[in-house]
Amino acid sequence: MGVIAKRVSVFALGAMAACCLLAAAPALAFADSVTVNMASDRNAARAIQAELDKAASKGTAANPYVVTVPRGTYALDRSLKLNSNTTLNLAGVTFKLNANAGCNMLRVGESDDRKTGYYYQNIVVNGGVFDGNKTNSTVMKAAHAKNVAFNNVVFKNARDSHLVEVAGIDGLRFIGCTFQDQTRNNASAAKAMSPEALQIDILNKTHFPTYRAEDLTMKNVVVDRCTFKNVPRGVGSHTGVYNNPMDNIAVTNCTFTGIDTVAIEFYNTVNLKITGNTINSAPRGIAVNSIGEQGMFFSKSIAAEGKTSSRYSSGFVKPSRNQNIVISDNTIISKGKDPHSGFENEAIVVKGTYLTKAMKKTSQMDAIPKGDHFIGGVTVTRNTITTAGHGIRFRDVKYSTIDGNKITYTGSRSGGANYYGVQTIDHCADNAITKNTIAKIKTNGIYVSDNSKAKTIKGNKISSPGKYGIAIDTKSRATVISGNKITSPKQHGIYLRKSSVVAKIDGNTISSPKKYGIFVESSTANAISKNKITKPKDSGIFVKPTSKVKSITGNTVTSGRTRGIAFYSGKSKAVISKNVIKKCKGNAIYIDAKTKKYKIVVKSNKIAGKGAKIASGKVAISGTKKA
């Protein structure tokens, strides 16, 4: 008998009947098989369910009960319910839901399931088309299960509902499946809800009412080589259990076309892998969140609903530094208007939430406590992005890397929102931004702002940004900005402003900025060294009075429209040394410190043209030579 305990075939011939009738068909004999006489029961769902029900007593984990439905098109007026140790073979089969059925087409478990834990186990569905007939019932639901697989199954035609909803499953696989054609009833509904084609959910009454509420983690999920077409959202979640994240989720090698809002979105997830996907067009490509404005519930709230156990604290627990989130090798086209307010075009966004006070409890959200709910340990690498908005955005993300991505902006260059190639804001910290290629972005190539810290900004190539190549803004920090190549920024190459601090600006190449090569305003730079700045429309290096720069050393400034180095700060001691400045139309070095409190040393520079000019300040000049 091999590994199959029983092989059952349900047969029917002819077209689908309006009343869900199946024509009688001759039985085919298989070794170790049971043949169903369809003439005795002409209802498709009932005939198939009779065999599926036998799995509970006849199937085992080693020898699953196999039910095969012959090729054909059948109407369903009720759900097909899967039990443990069942394999359902549906190659060449199409099911269409009766317009008045008001049910799921396929379920794991009963219609009002009261089981707990990962109860239903070892379930496989191979092939088949489940056509929801544009009804507002979710096509397939599964929960309280373990080791469940769907291979080459098509789920389609739902209205104002998901195609597939899953929750509380350990070990779930969708391989080569298709999710397509979700519609919404009207424009207001479009704004009110955007159901995922494949929603990975939680077991509470609000979101999964027909199963028993339980804090049961979704884990070990694979969605691979699947197609998502003409759906509002592709795959993911917008809910979570506080302090109990979903674990080990992979979305790989999938294709997304005709997405209204976001292709891939996850909340409250660790060990997440999103790789090798193609997103042909979506307002938002990939979004990963810690918590959101709604959809996050305490374990104790869910346990109270289902009279199950509460396993996790409702208090603030500091997140892990390494949540192991990898977003790599995806091809993303981000464009179009998201119907939900507040969302801009963005190819990849990773968002933690910094709460200064607890959230307000609502029917859609528990009172999540204040604290830094950051996301840590994220790697975003080797993605190819074409965007009409942002490229890659981090908000409250720490200990992470943005490396080797290619970002090209194709949107409008005038009016509207500011868009950035790489943006890290809102308490980001200890992130590395390296070896990215950013072209024609609307605003800044790389933007660090709002109390954020970049550990390293190194080896990036930024061409034709609408404002600045690299900007450090609003009480933000960068340890080192080095080895970047910035060409033709519309304003400045590197810009520090609003009490920001950079330890070292080193070895960058900046060509043809429309204003300054390096501009330090109301900020601190410890060392500006070994940069090459050519053809600035104004000064190569410009330091305003409100700034502090301790060292400007070993830089090369060529063909400045006004000055090579313009130094106005009198707030700290400074050394301007070993710089080469030539072909500038104004003074090679201009100092107007306006105070003699701190000494400025100018030594061993090579300058040409109008030389150095001291308008004010305590300055010592030595060893300056003609370039």
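Just so you know, these numbers come straight off a predicted model, no measurement behind them.

(A) Highlighting the overall build of the protein. Helices and strands together make up the secondary structure of the protein, namely 4 helices and 65 strands. Reported as C-alpha extents along the three principal axes, the dimensions of the protein are approximately 105 × 50 × 45 Å. When the 627 residues of the protein are sorted by exposure, 57% land in the buried category. Within the protein, counting contacts between residues at least 6 apart in sequence, those at least 24 apart form 67% of the total. Surface summary for the protein: the accessible area is close to 24000 Å², and the carbon and sulfur share equals 48%. Counting 90 positive and 39 negative side-chain charges, the protein places the averaged centre of each group 16 Å from the other.

(B) A look at the pairing of strand β13 (residues 164-175). Along β13, 11 of the 12 residues are buried, which leaves the element largely enclosed by surrounding structure. Two strands pair when backbone bridges link them, and strand β11 (residues 140-151) and β13 are joined in this way by 10 bridges, in the parallel orientation. When the bridges of β13 are listed, Ala 149 appears paired with Arg 173. As paired strands, β13 and strand β15 (residues 196-201) are joined by 4 bridges and run parallel to one another. Each bridged residue has a counterpart across the sheet, and for Glu 165 the counterpart in β15 is Gln 199. In terms of strand pairing, β13 meets strand β16 (residues 219-224) through 5 bridges, oriented parallel. Its bridge partner being in β16, Asp 170 is matched across the sheet by Lys 219.

(C) Looking closely at the packing of aromatic side chains. Under the criterion given, the structure shown has 23 aromatic pairs. Here the aromatic rings of Phe 179 and Phe 228 are separated by 4.7 Å at their centres, their planes lie at 5 degrees, and the arrangement is stacked. Taken as a pair, Phe 179 in strand β14 (residues 178-183) and Phe 228 in strand β17 (residues 227-231) lie far apart in primary sequence, 49 residues in all. Given a relative accessible area of 0%, Phe 179 falls into the buried group. Each residue in the set Tyr 74, Phe 95, Phe 130, Phe 150, Phe 155, Phe 174, Phe 179, Phe 228 and Phe 256 is aromatic and connected to the rest through ring pairs, giving one cluster. Here the basic side chain of Arg 284 rests over the ring of Phe 343, its NZ or CZ set 3.7 Å away from the ring centre.

(D) Highlighting the pairing of strand β24 (residues 278-282). One ladder, built from 2 bridges, connects strand β21 (residues 255-259) with β24; its direction is parallel. Across the sheet, residue Phe 256 finds its bridge partner in β24, namely Ile 279. Relative to strand β28 (residues 331-334), β24 runs parallel, the two being bridged by 3 bridges. Its bridge partner being in β28, Ala 282 is matched across the sheet by Ser 334.

(E) Highlighting the pattern of salt bridges. In the structure shown here, the tally under the stated rule is 21 salt bridges. Across the pair Glu 265 and Arg 284 runs a salt bridge, and its minimum N-O distance is 3.6 Å. Residue Glu 265 is located in strand β22 (residues 262-267), and its partner Arg 284 is located in strand β25 (residues 284-289); the two are separated by 19 residues in the primary sequence. Residue Glu 265 is classed as buried on the basis of its relative accessible area, which comes to 4%. It is possible to trace a salt-bridge network through shared partners that takes in Arg 233, Glu 265, Arg 284 and Asp 338.

(F) Focus on the confidence of the model for the protein. Chain-level pLDDT for the protein is 91 on average; 92% of the residues reach the 70-or-more range. Here residues 1-40 is modelled with pLDDT under 50, and outside its nearest four sequence neighbours on either side it reaches 89 contacts, counting other chains as well.

(G) Broad picture of the state of the cysteines. Throughout the structure, instances matching the rule amount to 0 disulfides. The cysteine Cys 226 is free of any disulfide, with Cys 254 supplying the nearest cysteine sulfur at 4.7 Å.

(H) Just the side chain of Asn 268, in detail. Tracing the chain through its elements places Asn 268 in the loop between β22 and β23 (269-275). When its relative accessible area of 12% is taken as the criterion, Asn 268 is described as buried. At a separation of 2.8 Å, a polar atom in the side chain of Asn 268 contacts the main-chain carbonyl oxygen of Val 241. Leave out the neighbours within four places in its chain, and Asn 268 touches Gly 240, Val 241, Asn 244, Pro 245, Met 246, Asn 289, Ser 290 and Met 296.

Reading the values: the criteria
- Residues numbered from 1 in each chain as written.
- Predicted model: local features only at pLDDT ≥ 70, side-chain atom pairs only at ≥ 80, totals over all residues.
- Heavy atoms only, no water.
- Helix = DSSP H or I, 4+ residues; strand = E, 2+ residues; numbered from the N terminus.
- Buried < 20%, exposed > 50% of the residue type's maximum accessible area, 1.4 Å probe, protein only.
- Contact = heavy atoms within 4.5 Å.
- Areas by Shrake-Rupley, 256 points an atom, 1.4 Å probe, with all protein chains shown as cover.
- Lys, Arg positive; Asp, Glu negative; His and termini not counted.
- Charge placed at Lys NZ, Arg CZ, Asp CG, Glu CD.
- Pairing = 2+ DSSP bridges.
- Phe/Tyr/Trp six-rings, centres within 6.5 Å; stacked < 30°, edge-to-face > 60°.
- Lys NZ or Arg CZ within 6 Å of the ring centre and 35° of its normal.
- Salt bridge = Lys/Arg side-chain N within 4 Å of Asp/Glu carboxyl O.
- pLDDT = per-residue confidence, 0-100.
- Disulfide = S-S within 2.5 Å.
- Polar contact = N/O pair within 3.5 Å; in protein donor to acceptor, adjacent residues only side chain to side chain.

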